[in-house]
Structure formats: structure tokens, C-alpha cells
Amino acid sequence: MWRIDFTNEEKAEAFDRIAEHFYESNFGQMSKADIELMMFDIYLKKLIKVNEKHNGLIDYSKCSDYIISKGLGITQQRVRNLKIKNHLVNPVEFEWQKSFSTLIQNARYDEVSKKIYINIPDPNLYLEIQNFLEENGSFIEKQLNSKLLVMRLEYFINLIIASETEDNQKAIIKKLKKQFKKDNAEEKKISGENIGKMMLSGATDITAIISNLSSLISPSNVIGIAAINVINRILL
């Protein structure tokens, strides 16, 4: 069902918001693009509210580009562009780590390429993840499918460490240095950002890294817990 119904209170709030841009000596000053973006924001927030899960997370399957494109009669690509622009103009704070952790559970692994594949349906969530990874020394591979996040397994492990607090990162690095030393690697070069690179070079065994991480990550690290569960599934 593509149509969503607004309550009388929501309609009144929407009208007040629109009227603010027309009835205060500013009639006609708002561009067509600005009006459309405002109407999109009103629609999107209502759609998210209706389909919000009990834990505050968005049900992306019911707020997908396809669902919205059918509801508004526009292309999916235009929906994605509007989502990105709307988030810049009308930003809404959301716990992207929790959203990402739920999507990690559906990750797929290609044994040939040694890469992790995760579908990220929301463009703003994708951008948050990409920025976080790049800030912490990892990177993702650009795909023709803009919803697909692809990264090497080793960099996926970097993500677990980067999601920890600074103090806990230090404790993890200290433990991993011992592991690398045991494997005759140059442990003095280890940092949170180059763990993945050292594993790519074959400096130590991935299973040993995961074994150490499983006992060290904090319960609040939702990304780390989800990622370790996926990696254990892959390795087993």
C-alpha cells in the first residue's frame, strides 16, 4: 500500500510549516525545488514514523526507494537524491551504528575475492559508514550498485576495533601486539588503522585475531559484536 494517511494534527502542523514560507511577507519567494523538498521531508518523516521498529530503528524494507517511488510517482534515483539533499537541509540525528549492525547480520562473503558484501538501502546511512571507515584507515570499493558496500575481510576487522572507545582500542592493540610478536610479525608497527593491512600481508592468522577480539570488545560495541558474529560464521 503506497498511500499514507496523516492525522488532522499532522496536517495542521504541515500547513503551518508551509504557511511560514508564504504568509509572512514572503509569498512566492520559495522555489519549486524548495517546496518539493519540504513536501518530501514531511512525507518521509511520516513514513519512517509509521514503520519505526520497537527499538527505534527504521524498517528499511518499508521505507525503501522503491516504496517511496511508487508512492510519489518518481524514479528511485530521484528518491535517493532527495534523501541525500533532505538530510543536508533537514538533518535528523539517528544512531547509524545500530542501523548498520542490523544490516551486518545479512552480510555475504565471497571466498574467492575475500570480500564482504553488505546491502545498505539508505544513502545517508551509507555515507555515514563510508566516512567512518575512511576516518579510521579503511576504505570501501565503489560499485555500480550504489547500495552495495564491499570491503576486504581484513578491513572489516579494522571496523570492529575502530568502533571501540579509545581506551579499549589501546587494550586491544596491546593484546594484538603480543599475537603479532608470537607470529614473528613487526608488532611495533601495529596501530588501529593498519591491522587490516598487516593481515593482508599474511603477518598473522585471522582466526587468532578474531579469537582475541571476541574476548576484548565491549558489550556496547554493537557494530563489533555483529561483525564478529559474521566473521565467525564465515570462518566456520
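Residues numbered from 1 in each chain as written. Predicted model: local features only at pLDDT ≥ 70, side-chain atom pairs only at ≥ 80, totals over all residues. Heavy atoms only, no water.

A.B. asks: How should the sheet that holds strand 3 (residues 148-152) be read in this particular structure?
C.D. replies: Strand pairing in a sheet relies on backbone hydrogen bonds. The paired strands run either parallel or antiparallel. With respect to topology, three strands assemble into an open sheet ordered 1-2-3, the strand pairing being antiparallel. If you trace the sheet from one side to the other, it starts and ends with strand 1 (108-110) and strand 3, each paired once. Each adjacent strand pair in this sheet contributes to an overall mean axis angle of 25 degrees, direction not counted. Sheet strands in contact with helix 7 (residues 153-162) are strand 1, strand 2 (115-119) and strand 3, and its direction is about 100 degrees off that of strand 3. (Pairing = 2+ DSSP bridges. Helix = DSSP H or I, 4+ residues; strand = E, 2+ residues; numbered from the N terminus. Axes fitted to C-alpha atoms, helices over the stretch in contact; angles between N-to-C directions. Contact = heavy atoms within 4.5 Å.)

A.B. asks: Sorry if this is basic, but what is going on with helix 2 (residues 32-50) here?
C.D. replies: For the α-helix, the turn length of 3.6 residues means that residues three or four positions removed from each other point alike. Taking 1.5 Å per residue, 19 residues should reach 27 Å; helix 2 reaches 27 Å between its end C-alpha atoms and fits that length. Considered for burial, the residues of helix 2 that qualify are Leu37, Met38, Phe40, Asp41, Ile42, Tyr43, Leu44, Lys46 and Leu47. Taken together, the buried residues of helix 2 touch helix 1 (8-19), helix 3 (65-72) and helix 4 (76-89). (Expected span 1.5 Å × (residues − 1). Buried < 20%, exposed > 50% of the residue type's maximum accessible area, 1.4 Å probe, protein only.)

A.B. asks: Would you take a moment to explain the packing of helix 3 against helix 4 for this structure?
C.D. replies: Each packed pair of helices is defined by two parameters, the angle between the axes and the distance between the axes. Where helix 3 meets helix 4, the closest approach of the two axes is 8 Å, and the angle between their N-to-C directions is 105 degrees. Between helix 3 and helix 4, the angle is such that the two are roughly perpendicular. Here Asp65, Tyr66, Ile68 and Ser69 of helix 3 lie close against helix 4, whose contacting residues are Gln76, Val79, Arg80 and Lys83. Residue classes in the contact of helix 3 with helix 4 are distributed as three nonpolar, two polar and three charged. (Parallel < 35°, antiparallel > 145°, perpendicular 65-115°, else oblique. Nonpolar A, V, L, I, M, F, W, Y, C, P; charged D, E, K, R; others polar.)

A.B. asks: Got a minute to help me understand the layout of surface pockets in this structure?
C.D. replies: A probe as big as a water molecule, rolled over the atoms, marks out the empty space that is left. Considered as a void within the structure, the largest pocket measures approximately 540 Å³ in volume. Taken together, 23 residues line the largest pocket, and the ones lying closest to its centre are Ile48, Ile58, Val92, Glu93 and Phe94. For the lining of the largest pocket, the elements supplying multiple residues, two or more each, are helix 2, helix 4 and helix 5 (96-104). With four residues, the single largest contributor to the lining of the largest pocket is helix 2. Its residues assigned to classes, the lining of the largest pocket comprises eight nonpolar, seven polar and eight charged. Estimates place the volume of the second largest pocket at around 230 Å³. Broken down by element, the lining of the second largest pocket gets its largest block of residues, five residues, from helix 2. (1 Å grid on protein atoms, 1.4 Å probe; cavity = no way out; pocket = protein on both sides within 12 Å on 5 of 7 lines; lining within 4 Å. Points joined across faces, edges and corners; volume = space filled by probe spheres on them.)

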